[in-house]
Amino acid sequence: MPAVVEMLGITKRFNGFTANDNINLVVEKGEIHALLGENGAGKSTLMNTLFGLYQPEEGEIRIRGERVKITDPNMANRLGIGMVHQHFMLVEPFTVTENIILGMEPRKGAKIDIEKAERHVQELSDRYGLRVDPRAKIEDISVGMQQRVEILKTLYRGAEILIFDEPTAVLTPQEIGELMEIMKNLVSEGKTIIFITHKLKEIMAVCDRCTIIRKGKYIDAVSISKTNVDELASKMVGRHVTFEVDKTPAHPKEPVLQIKDLVVEGNRGASALRGLNLEVKAGEILGIAGIEGNGQTELIEAITGLRKVKSGSVLLNGKPLENRKPREIVESGVGHIPEDRHKHGLVLDYSIGENMVLQTYYKSPFAKRGVLRYNAIYEYARKLIQQFDVRTPSEFTPARALSGGNQQKGIIAREVDRNPDLLIAAQPTRGLDVGAIEFIHKKLIEQRDAGKAVLLLSLELDEVLNVSDRIAVIYEGEIVGIVDPAETDHDQLGLMMAGGGKGGK
Ligand SMILES: Nc1ncnc2c1ncn2[C@@H]1O[C@H](COP(=O)(O)OP(=O)(O)O)[C@@H](O)[C@H]1O
Ligand SMILES: [Mg+2]
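Scoring rules and cut-offs
- Residues numbered from 1 in each chain as written.
- Chains lettered and ligands numbered in written order.
- Predicted model: local features only at pLDDT ≥ 70, side-chain atom pairs only at ≥ 80, totals over all residues.
- Heavy atoms only, no water.
- Buried < 20%, exposed > 50% of the residue type's maximum accessible area, 1.4 Å probe, protein only.
- Helix = DSSP H or I, 4+ residues; strand = E, 2+ residues; numbered from the N terminus.
- Pairing = 2+ DSSP bridges.
- Domains from an automatic or database assignment.
- Contact = heavy atoms within 4.5 Å.
- Buried area = accessible area lost by both parts, 1.4 Å probe.
- Salt bridge = Lys/Arg side-chain N within 4 Å of Asp/Glu carboxyl O.
- UniProt positions renumbered as here; feature names shortened; annotations may be inferred.
- Near = heavy atom within 4 Å.
- Polar contact = N/O pair within 3.5 Å; in protein donor to acceptor, adjacent residues only side chain to side chain.
- Areas by Shrake-Rupley, 256 points an atom, 1.4 Å probe, with all protein chains shown as cover.
- Disulfide = S-S within 2.5 Å.
- Core = buried A, V, L, I, M, F, W, Y, C linked by side-chain atoms within 4.5 Å.
- Expected span 1.5 Å × (residues − 1).

### Description of the pairing of strand β1 (residues 5-14)
If a strand is regular, its side chains alternate between the two faces of the sheet.
Right, on to step 1. Here β1 lies mainly inside the structure; seven of its ten residues are buried.
Right, on to step 2. Of the pairings in the sheet, the one linking β1 to strand β4 (residues 58-63) comprises five bridges and is antiparallel in character. Note that in β4 the partner of T11 across the bridge is E58.
Right, on to step 3. Of the pairings in the sheet, the one linking β1 to strand β2 (residues 17-27) comprises seven bridges and is antiparallel in character. Directly across from M7, in β2, lies its bridge partner L25.
Right, on to step 4. Between β1 and β2, which pair antiparallel in sequence order, lie two residues; one of them, N15, sits at a positive phi of approximately 40 degrees.

Here it is in structure tokens:
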């Protein structure tokens, strides 16, 4: 039997830039096939080509052995190809069912037969273990459920070949576990999955084979049973990568950040932080572990001046910070690598060079008597780009055009180079590949070793365990325990994060 998908010698260029350079991808029916590559390697481009969003300049595509030209997503659908994109494409005020049937509504006369649609959605949901509430509005459901809606949408359209573009990047560890089960259910029902990720553990856990691409080029295709994490990582990055975070014991000194009885309201009015206490010392990395939605975001917002403090105090080097303006807080010595780098970290339409001076552009040497001095700005940007290995065609390139990992390196360069006493790193490696993760961890440890206080917030337990010197567990807006990473493990932390178990010292 021919392979269900054959992409042979695919080349795709964007204005002279070759995003896919003669790539092969062969996927057998019924397998979970990983497409592995660093950020910017060309994975989404290749899959958008398979889904009919792009036309390749060269190469051919065969589906079930038959040569096809996939002119648009409707044609992809007709060929049984469905895609769940990195950024969901749902209509927020619509219900789950309305989104799933959009454009293919069952009718009773002139009216949409919503009951029939709901029954169909429920059937699909039961069959594949995709738990959703058919009547809930998209804006009211979790990211995990939104993703299940996207998957159901492809199944409703009869997809046999499902493309998941980095589906786990937006999920909590629990939701990732659920998605893995869903993927296994789908293939046991005869579906074929192309799974884009750069998380090697996920590939080892569920995939049958893996195609690796690097910088737009095909590197290899391997069987998962015949490979290991180290081999995959070095094929992806093109050099040996270390997974252990290399660090010496911390030498913590005086407290830099002191938070006492902090109370902050959440978006819906209820208290998001309910008397939170926390201290971060100079020369240590304090990691916060917790399940998403337990007050982490509100804590960072309160410290950085983006959210009102209702009561309690936030002291930086003994001076109160609460309810001060974000700019004053920045100037008093707080660096912030934000959780949402697109919303708060970068101005995507500005050049990467301009982004390097977002908080300092009005000061010497970047401005003189209110006039920006672009030579000075770009000279400074060039220095940071080089020091922090930000891969960009030039300092003039819009931030939007950089890959996620390089955008993040840019933010880190800017925040670290301002030399803050407290560096807040919120999900600093979310969605990044191993090479960039290794680099970012090194930078956080360098800051610590330079005597700075580092507050790390991450939903990745491995990251919290490997990088932190102390771990504070947050649960329902309070710190419920402080533990020593050397004396704890996933299970104990997981229990505390769920509100059970006892804290250490
Ligand atoms: N529409 C586009 N126009 C110009 N360049 C693009 C476009 N889409 C992707 N690229 C570039 O192609 C390269 C590969 O991108 P992409 O396929 O999104 O990578 P990945 O999904 O592996 O992270 C990147 O350098 C990206 O900037
Ligand atoms: Mg991508």
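### Structural notes on the domain arrangement of the chain
Right, on to step 1. We note that the domain assignment places domain 1 (5-237) and domain 2 (248-333 + 420-505) within the chain.
Right, on to step 2. Domain 1 and domain 2 are separated by 34 Å when their C-alpha centres are compared.
Right, on to step 3. If you look at the interface, domain 1 gives 13 residues, while domain 2 gives eleven residues.
Right, on to step 4. Between domain 1 and domain 2, roughly 990 Å² of surface is buried when both sides are summed, and carbon and sulfur atoms account for 50% of that area.
Right, on to step 5. Interface area lost by domain 1 to domain 2 is led by N39, T172 and H198, which between them contribute 30%.
Right, on to step 6. On the surface where domain 1 and domain 2 come into contact, there are two salt bridges.
Right, on to step 7. Among the salt bridges present, the one from K201 reaches D462, with a minimum N-O distance of 2.4 Å.

### Considerations on the UniProt feature "domain: ABC transporter" (unreviewed entry) in the chain
Right, on to step 1. Mapped onto this structure's residue numbering, the UniProt feature "domain: ABC transporter" (unreviewed entry) falls at residues 5-240 and 257-501.
Right, on to step 2. End C-alpha to end C-alpha, residues 5-240 measures 31 Å, and it is 34% helix and 28% strand.

### Here we look at the site of ligand 1
Right, on to step 1. Taken together, 13 residues are adjacent to ligand 1, and G40, G42, K43, S44 and T45 come closest.
Right, on to step 2. With respect to ligand 1, the side chain of S44 contributes an N or O atom lying 2.9 Å from an oxygen atom.
Right, on to step 3. In isolation ligand 1 exposes 560 Å². Once the protein is present, 66% of that is buried.
Right, on to step 4. Where the shell around ligand 1 is concerned, the elements lending two or more residues are β2 and α1 (43-50).

### Some details on the state of the cysteines
Right, on to step 1. In the structure shown here, the tally under the stated rule is zero disulfides.
Right, on to step 2. Lacking any disulfide linkage, C207 is separated from the closest cysteine sulfur, that of C210, by 6.9 Å.
Right, on to step 3. The exposure class assigned to C207 is buried, which follows from its relative accessible area of 8%.

### Focus on unusual backbone geometry
Right, on to step 1. Note the cis peptide between S364 and P365, where omega equals 0 degrees.
Right, on to step 2. Position of P365 among the secondary structure elements: in the loop between α12 (352-355) and β19 (367-368).
Right, on to step 3. Of note, the phi angle at D389 is positive, near 55 degrees, even though the residue is not glycine.
Right, on to step 4. By the element assignment, D389 lies in the loop between α13 (374-387) and α14 (404-417).
Right, on to step 5. If you check the backbone angles, N419 has positive phi at about 65 degrees while not being a glycine.
Right, on to step 6. Secondary-structure assignment places N419 in the loop between α14 and β21 (422-426).
Right, on to step 7. Judged by relative accessible area, N419 falls into the partly exposed class, the value being 47%.

### What about the nonpolar core?
Right, on to step 1. Within the largest apolar cluster, 50 residues are counted, with the highest numbers of intra-cluster contacts made by I151, L155, F164, F195 and C210.
Right, on to step 2. In this view, C210 contacts H33, A34, L36, I203, D220, A221, V222, I224 and L232; residues no more than four positions away in its chain are not counted.
Right, on to step 3. Residues I385, F388, A399 and I445 belong to the second largest nonpolar core, which totals 33 residues.

### Regarding α14
Right, on to step 1. Relative to the 20 Å expected for 14 residues at 1.5 Å per residue, α14 spans 20 Å between its end C-alpha atoms, a close match to the ideal helical length.
Right, on to step 2. With respect to burial, α14 is a largely interior element, 13 of its 14 residues being buried.
Right, on to step 3. Two residues or fewer after α14 comes N419, characterised by a positive phi angle close to 65 degrees.

### Examining the pattern of salt bridges
Right, on to step 1. The tally for this structure, following the rule as stated, stands at 34 salt bridges.
Right, on to step 2. One salt bridge in this structure joins E58 and R13, with 3.2 Å as the shortest N-O distance. With a gap of 45 residues between them, E58 in strand β4 and R13 in strand β1 connect regions that are remote in the sequence.
Right, on to step 3. Residues R448 and D449 are paired through a salt bridge, measuring 2.9 Å at the closest nitrogen-oxygen approach.
Right, on to step 4. A single salt-bridge network, built from bridges that share partners, covers K247, R448, D449 and D469.

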